[in-house]
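Descriptive structure summary
What follows is the residue order along each chain.
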Amino acid sequence: MYNNAGYAQDTDRDGCRSDRPIVVNSCGHYRLQSRPDYTTLRPGGRRDYQLLFVAAGRASFGYESPSRMLPEGRIFVYRPGEPQAYRYRLEDHPDIYWLHFTGSEAEDYMAGLLPGPDGRGRSVGIREDYSRLFERIIRELQLGRDGYEPLCGAYAQEMFLLMGRAAREPAGPAASRNRQIEAVIEQMHEELSQNRTVEDYARSCHMGVCWFIRSFRAYTGCSPRQFLIRLKINKARELLSYSSYNIGEVARLTGYDDPLYFSRVFSQTMGCSPSQYRADSGNGETRMDAPLNDKTAVSRQDPSRLVRPSPNG
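Residues numbered from 1 in each chain as written. Predicted model: local features only at pLDDT ≥ 70, side-chain atom pairs only at ≥ 80, totals over all residues. Heavy atoms only, no water.

**Here we look at the overall build of the protein**
- Looking only at helices and strands, the protein features ten helices and nine strands.
- Looking at the protein residue by residue over its 313 residues, the buried ones come to 47%.
- Sequence separation of at least 24 residues holds for 71% of the intrachain contacts in the protein that already meet a minimum separation of 6.
- Accessible area for the protein stands at about 15,800 Å²; split by element, carbon and sulfur atoms hold 47% of it. (Helix = DSSP H or I, 4+ residues; strand = E, 2+ residues; numbered from the N terminus. Buried < 20%, exposed > 50% of the residue type's maximum accessible area, 1.4 Å probe, protein only. Contact = heavy atoms within 4.5 Å. Areas by Shrake-Rupley, 256 points an atom, 1.4 Å probe, with all protein chains shown as cover.)

**A look at the sheet that holds strand β6 (residues 68-71)**
- The sheet built from four strands is open, its strands ordered β3-β8-β5-β6 with antiparallel pairing. Whereas interior strands pair on both sides, the edge strands pair on one side only; in this sheet they are β3 (37-42) and β6. If you compare each strand with its neighbour and ignore which way they point, the axes differ by 20 degrees on average. (Pairing = 2+ DSSP bridges. Axes fitted to C-alpha atoms, helices over the stretch in contact; angles between N-to-C directions.)

**Observations concerning the sheet that holds strand β7 (residues 75-78)**
- Taken in spatial order, the five strands line up as β1-β2-β9-β4-β7 in an open sheet, and their pairing is antiparallel. Either end of the sheet is taken by a strand with one partner, and the two such strands are β1 (2-7) and β7. Pairs of neighbouring strands in the sheet enclose a mean axial angle of 15 degrees, with direction left out of account.
- The sheet contacts of helix α1 (residues 106-113) involve β4 (49-56), β7 and β9 (95-102), and relative to β4 the element is tilted by about 40 degrees.
- Of the strands in this sheet, β2 (23-31), β4, β7 and β9 are in contact with helix α3 (residues 148-168), which crosses β9 at around 120 degrees.

**Remarks on the pairing of strand β8 (residues 84-89)**
- Pairing geometry for β3 and β8, over six bridges, is antiparallel. Counterpart to T40 in the pairing with β8 is Y86.

**Quick notes on the packing of α1 against α3**
- For the pair α1 and α3, the least separation of the axes is 9 Å and the interaxial angle reads 20 degrees. The angle between α1 and α3 falls in the class roughly parallel. In the crossing of α1 with α3, the sense of the turn from one axis to the other is left-handed. Every residue of α3 that contacts α1 at Y109, M110, G112 and L113 is listed here: Q157, F160, L161, M163, G164 and R168.
- Grouping the constituent residues of the contact of α1 with α3 by class yields six nonpolar, three polar and one charged. (Parallel < 35°, antiparallel > 145°, perpendicular 65-115°, else oblique. Left-handed = near helix turned anticlockwise from the far one by under 90°. Nonpolar A, V, L, I, M, F, W, Y, C, P; charged D, E, K, R; others polar.)

**Some words on the side chain of E191**
- One can find E191 in the loop between α4 (173-190) and α5 (198-204).
- Reaching out from E191, the side chain makes a polar contact with the side chain of R196 at a distance of 2.4 Å.
- Beyond its immediate stretch of four places on either side in the chain, E191 contacts R196 and Y201. (Polar contact = N/O pair within 3.5 Å; in protein donor to acceptor, adjacent residues only side chain to side chain.)

So this is what it looks like as structure tokens:
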């Protein structure tokens, strides 16, 4: 059996702690390789929480009879004092991550991740982020370097939030489309200086232009063109406030070949010319209270926070 685990330096600790939002007591990764069966029984449970994630294969959980057989992409949570029973069988090819934790906000995170009286067994999908975070927690626990406790807690909180988001997102074709749109949004950020068109982005995710625009709007709340303008203008504001690039250079760095057209779009969006915006910024202080004139107005938020979830997610 493959077993890679890490434990907090106080190896006897499994109780409740309230000095941090999330405190990780132990974390591990199980994978059966030759052993036919592995069963854990804790009639009295533990004093901390345990989250188990089925990364591949399937496994059975619960103390009631019959237990629940969960496939890959599902999580199961045992709360403090709850009887625990779970079983892995070689024929099911289980690949399981587990996490024991406590903390002042542990129940809040679990209530958000597992709503309702029987939210356990919820699907959170298969994502590389989960295994990456589990492995980082394991490594930090094993090394025990300075600051490992808050770092493990931060990794666990990130994982809970990602799992909660995934659980609330629509499944099936809608989820696949959302992942395509997310990939396009990453491209937009990375290729901001390139003069890419909506048609280019539609082709990159193998969608027709009309369907791409509709899907993009459903996910972000605005059209691809409006989203691009927001990104470009936010970047232009940063460059005008904190760099010495001239207006033509700022235009090129934000994907506008024509400085005059860039100035026109900037003026329509911000209510002043790029030169006036730079003059009003003064000493590197970004003028965040600039007037916003039309539907393509730049958000006051950081570009990375412009994406809004769809009504279903």
